[in-house]
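Here are the chains, one letter per residue:
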Amino acid sequence: MSTRWLGAFALMLSMVMLSGNKSTAADARQPNILFIFTDDLACQAISAYGEKRHLLSTPNLDRLARDGARFDRCLVTNSICGPSRATILTGKYSHRNGFYNNTNSRFDGTQQTFPKLMQAAGYSTAMIGKWHLISDPTGFDHWHILPGQGLYYNPPMIRNGEKVKHEGYATDIITDLSIDWLKNRDSSKPFVLMSQHKAPHREWAPALRDLGWDHDRQYPEPETLFDDFAGRSKAVSDHDMGIATTFTDLDVKLTPTSNMTAEQLKVWNAYYEPRNEAYRKANLSGKDLVRWRYNRYMHDYLACVKAVDENVGRLLAFLDQEGLAENTLVVFSSDQGFYLGEHGWFDKRWIFEESLRTPLLMRWPAVIKPGSTSNQIVSLVDFAETFLDMAGRPIPADMQGHSLLPLMKGETPADWRKSLYYHYYEYPTPHHVRPHYGVVTDRFKLVHYYKPDVDDWELLDREKDPLEVKNFYNDPAYAQTVKELHAELNRLRSEVQETGDPPRAAHGDRPFDTKG
Ligand code: CA
């Protein structure tokens, strides 16, 4: 071989090596994403959100808000578990990703998702905890999920297709598995880890260590605990999600949660049984019964959130120990909000604030100024776009949200959305909430309850009526607002390519637990 060829070969080789090195170095500098997700977590239960009832202190979530950003108006597009998860993965509304409800939808895992795109871009991807999309996860190097809704105690799980058993409390186990994966990951690559809790989903079973954590506190009641729904659509009053009407013995722990060991059950009963005995003797009815149930509900629900908060603390401590905190975006959110007695309800589904709004905290020291807050309308439909954008990847044109990266940097684009489209579908079971769609702005909501036995419009004005107990739709003073919101609703329906009612039961017929 001539010197000239040898020289050319050496140059080529060094270029290959250089580009190899460069690509590895660039990959290692890419930001990591730790996505901590909860199920049915109300902003009202997070002290960083500062609700005046002050139900619970959440020091670790508050730390995320203090060191990062708190989004005050992160809204969902369809307030129920599976659909929110599908929207996060795809960056698309339910009618575009095919997952409408928890009763008969099945996620089409062959479609485009952000984990697949991140994986193709060189990220390690893992999904640990509650998945709830019926089909197996796709786009993950590793997955270890609860089947269906999962159990709070000793939950069976599925690891990359194989059934495994665990002993302990689900929230702790999901965190343990998340930390194990982080320890053993391929550290030459950046990562996306989705660490997703069952908690604080119904039936709100606390960790044994937290039984009695509140010292039998009597909780401040929401102003609308005894809402009479006067002047409201039949769609709103004719529900099956009331603390008064719908709570079961399991919900209020008059019967114990399932799948505990004999030892666990003993500890459980030592707390609940004497209190249940006193309850039975008191023979409560009417408002007293609702109040008892509300207090029991708060003890259990908030204990579940307390354990989530502690486990977030464990993950944050691990990032600190490993020197990963600076270059990792930590996202904390929930698949929707929840009613903690407002309107007399538990559960979610409605376009009203407590279930429409979901927590969103983000920490990324390299980019987000500590203590930032934003009251812009953001949504779960923006998450996929955000993660791709921060990794420097193109955002596919068929995704329907917008990257939050500018907002994370403290810059609000002049054309940031001023309204959001919403559509809920699941009916009649489990909670008899009629399908409805609408437009949400900073101040107003225009809602249409359209079937099967209603055709009602409501206009809500959060400025005049923050508790959302009045319908202003037929008030002449709002005629112009109603007209403008109808036009905006039509514009949004066209923008998101919503062309009518969804097909019913058109996405698989698999019966499934429906307490999404
Ligand atoms: Ca949920």
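Asks: So what's going on with the overall build of the protein? Residues and values would help.
Replies: Check the secondary structure of the protein and you find 14 helices and 15 strands. Here the protein has a C-alpha radius of gyration of 24 Å; the compact-globule value for 516 residues is 24 Å, and the two agree. For the C-alpha atoms alone, the extent of the protein along its principal axes is close to 100 × 65 × 45 Å. The buried share of the protein, taken over its 516 residues, is 60%. Nonlocal contacts in the protein, meaning residues at least 24 apart in sequence, comprise 70% of its contacts between residues at least 6 apart. Approximately 20700 Å² of the protein is accessible, and the part contributed by carbon and sulfur atoms is 52%. Here the protein holds 60 positive side-chain charges and 67 negative ones, and the gap between their average locations is 3 Å.

Asks: Kindly report on unusual backbone geometry, identifying the contributing residues and their values.
Replies: That bond from alanine 199 to proline 200 is cis: its omega, -5°, falls within 30 degrees of zero. Mapped onto the fold, proline 200 is located in the loop between strand E7 (191-196) and helix H7 (234-237). In this structure, the amide linkage connecting lysine 451 to the following residue, proline 452, adopts the cis form with an omega of 0°. Mapped onto the fold, proline 452 is located in the loop between strand E14 (444-449) and strand E15 (456-461). Even without a glycine there, the phi angle at isoleucine 134 is positive, about 70°.

Asks: Break down the environment of asparagine 269 for me, with residues and values.
Replies: Looking at the secondary structure, you find asparagine 269 in helix H9 (residues 262-282). For the pair asparagine 269 and lysine 253, spaced 16 residues apart in the sequence, the C-alpha separation amounts to 9.8 Å.

Asks: Tell me about empty space enclosed by the protein, and please be specific about residues and values.
Replies: Inspection of the entire model under this criterion finds one cavity of 30 Å³ or more. Within this model, the largest cavity holds a volume of roughly 50 Å³. What lines the largest cavity is simply Phe35, Phe37, Arg85, Ile88, Leu89, Met127, Trp131, Leu133, Met194 and Gln196. Every element with two or more residues in the lining of the largest cavity is listed here: strand E1 (32-38), helix H3 (81-90) and E7. Of the residues assigned to the lining of the largest cavity, the class counts are eight nonpolar, one polar and one charged.

Asks: I'd like a description of the pairing of E7, backed by residues and values.
Replies: Counting buried positions along E7 yields six of six residues, so the element is predominantly enclosed. Neither face of E7 is open: one carries Phe191, Leu193 and Ser195, the other Val192, Met194 and Gln196, and all of them are buried. Examined bridge by bridge, E1 and E7 share five bridges and lie parallel to one another. Of the residues in E7, the one forming a bridge with phenylalanine 37 is glutamine 196.

Cut-offs used in this document
- Residues numbered from 1 in each chain as written.
- Predicted model: local features only at pLDDT ≥ 70, side-chain atom pairs only at ≥ 80, totals over all residues.
- Heavy atoms only, no water.
- Helix = DSSP H or I, 4+ residues; strand = E, 2+ residues; numbered from the N terminus.
- Rg over C-alpha atoms; globule rule 2.2 N^0.38 Å.
- Buried < 20%, exposed > 50% of the residue type's maximum accessible area, 1.4 Å probe, protein only.
- Contact = heavy atoms within 4.5 Å.
- Areas by Shrake-Rupley, 256 points an atom, 1.4 Å probe, with all protein chains shown as cover.
- Lys, Arg positive; Asp, Glu negative; His and termini not counted.
- Charge placed at Lys NZ, Arg CZ, Asp CG, Glu CD.
- 1 Å grid on protein atoms, 1.4 Å probe; cavity = no way out; pocket = protein on both sides within 12 Å on 5 of 7 lines; lining within 4 Å.
- Points joined across faces, edges and corners; volume = space filled by probe spheres on them.
- Nonpolar A, V, L, I, M, F, W, Y, C, P; charged D, E, K, R; others polar.
- Pairing = 2+ DSSP bridges.

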